[in-house]
Amino acid sequence: MVAQPLETPISDPFAGDAVFELHRGGKIEVTSSVHVRDADDLSKAYTPGVARVCTAIAEDPSLVRRYTWKSNVVAVVTDGTAVLGLGDIGPAASLPVMEGKALLFKEFGGVDSVPIALDCTDVDEFVETVARMAPTFGGINLEDISAPRCFEIERRLKERLDIPVFHDDQHGTAVVVLAALRNALRVTGKQIEDIRVVISGAGAAGVACARILLQAGVGDLAVVDSKGVLHEDRADLNPVKLSLARDTNTGGLSGRLVDALVGADLFLGVSGGTVPEEAIAQMADNAMIFALANPNPEVHPDIAHRHAAVVATGRSDFPNQINNVLAFPGIFRGAFDADATRITEGMKLAAADALAGLIAAEDLRPDYIIPSPFDERVAPAVAAAVAEAAVRDGVDRG
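The name an unreviewed UniProt entry assigns to the protein chain is NADP-dependent malic enzyme, from the organism Kribbella jiaozuonensis. As its UniProt record puts it under Sequence similarities (unreviewed entry), the protein chain is described as follows: "Belongs to the malic enzymes family."

Dropping the structure here:
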């Protein structure tokens, strides 16, 4: 039976709104990959034929990846505590975003996924729930979970499971930021080991971006939260921030964001708020500004362009959009193609390099440092690089 569209209630206050109409009844559905046309098909797809497949998997559990959907399906899991810029809106209200994520997995990476909004915020309960669901899935994409809980949840699930676990708010953002930075450096003629970076925000994205930039060769990096520059002498830091403070701020900076920006080459905003123009004006020559807060960038592009050579935002209506959809579909596609047990740092770096490499030297310019999400080369290129890195890092099942 084919599902019929839901009728619009007479009292629906959103009737006629194009966005709400697109979401009516949800944005995804489950479709069959085989057809059941007669009794013979039925006997193979279900009982009694299916029992032979079950028995084979019971005898050799590795066959589950060959004879079920497990090898191509991701669980998109949230608790609704940090949804987009909306904050803690709860699991039910988060579902449209999780459906959207599942849609993007399929459209851009050919990866099936199931949105799951959990009604629990306790770390132990969350980890236990996801771990018990894991046999159904080939990978876990954690989404919109508040910091610092998200770090512990990801760490514990990675330790417990033998499938890729990936918090996209952290690592998807970090991969695309690094790709954009690599090309921005080509535009400005600067070297990654020579630049000074200031990151505004020490949540999920800020921490992950700092970590990947350090791995990529940035030597001078400071992270700023709402109370100032992270440094070891601050007594108010949680364990995640304290660890980051120990690995960053080699210049021994203290004070506020405006103080840290003096002479900086890159400002990376992943926190919201507004940075005064006079602070941006104190940055180095040929500065780079990545103001990623949505919908209101920390520095409006019109202001940023007065003082920076390269400007990027998180918005689709300005050039150089830093968008996670450039990363996560290809990363999971590549991990699945390699039958990887986890996603390594090497796989993330490979994804960033592949993404950056899609823009040829002759096409590179200040307003084009990152491909469009609709560039059909993106997911295949990222997937191929990630799969190759999985083999190189020894996390493929062979």
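Caption draft 1: Representation of the packing of helix α14 (residues 328–337) against helix α16 (residues 378–392) in the model. Put simply, α14 and α16 touch, their axes get as near as 7 Å, and they point 45° apart. Classed by the angle they form, the pair α14 and α16 counts as oblique. Like other packed secondary-structure pairs, α14 and α16 cross with a definite hand, here right-handed. Packed against α14, whose contacting residues are G330, I331, R333, G334 and A335, the element α16 presents A379, V382, A383, V386 and A387 at the interface. Here the residues of the contact of α14 with α16 sort into 7 nonpolar, 2 polar and 1 charged.

Caption draft 2: Structural view of the sheet that holds strand β9 (residues 287–291). Pairing is mixed across the open sheet formed by 6 strands, whose spatial order is β7-β6-β5-β8-β9-β10. The sheet terminates laterally at β7 (228–229) and β10 (308–313), the two strands that pair on one side only. Sheet topology note: the strand β8 (residues 266–269)/β9 ladder contains 4 bridges and is parallel. In the sheet register, L266 faces β9, and the bridge partner there is M288. Against the sheet, helix α8 (residues 168–188) touches β8, β9 and β10, its axis set at about 155° to β9. Its contacts with the sheet place helix α9 (residues 204–216) against β5 (196–200), β6 (220–225) and β8, and it is angled at close to 165° to β5.

Caption draft 3: Focus on the pairing of strand β2 (residues 112–117). Relative to β2, strand β1 (residues 73–78) is paired through 6 bridges, and the arrangement is parallel. If you follow V76 over to β2, its bridge partner there is P115. For the crossover that starts at β1, traverses helix α5 (residues 91–109) and ends in the parallel β2, the hand is right-handed.

Cut-offs and rules
Residues numbered from 1 in each chain as written. Predicted model: local features only at pLDDT ≥ 70, side-chain atom pairs only at ≥ 80, totals over all residues. Heavy atoms only, no water. UniProt positions renumbered as here; feature names shortened; annotations may be inferred. Axes fitted to C-alpha atoms, helices over the stretch in contact; angles between N-to-C directions. Helix = DSSP H or I, 4+ residues; strand = E, 2+ residues; numbered from the N terminus. Parallel < 35°, antiparallel > 145°, perpendicular 65-115°, else oblique. Left-handed = near helix turned anticlockwise from the far one by under 90°. Contact = heavy atoms within 4.5 Å. Nonpolar A, V, L, I, M, F, W, Y, C, P; charged D, E, K, R; others polar. Pairing = 2+ DSSP bridges. Right-handed = clockwise from strand over helix to strand, strands pointing away.

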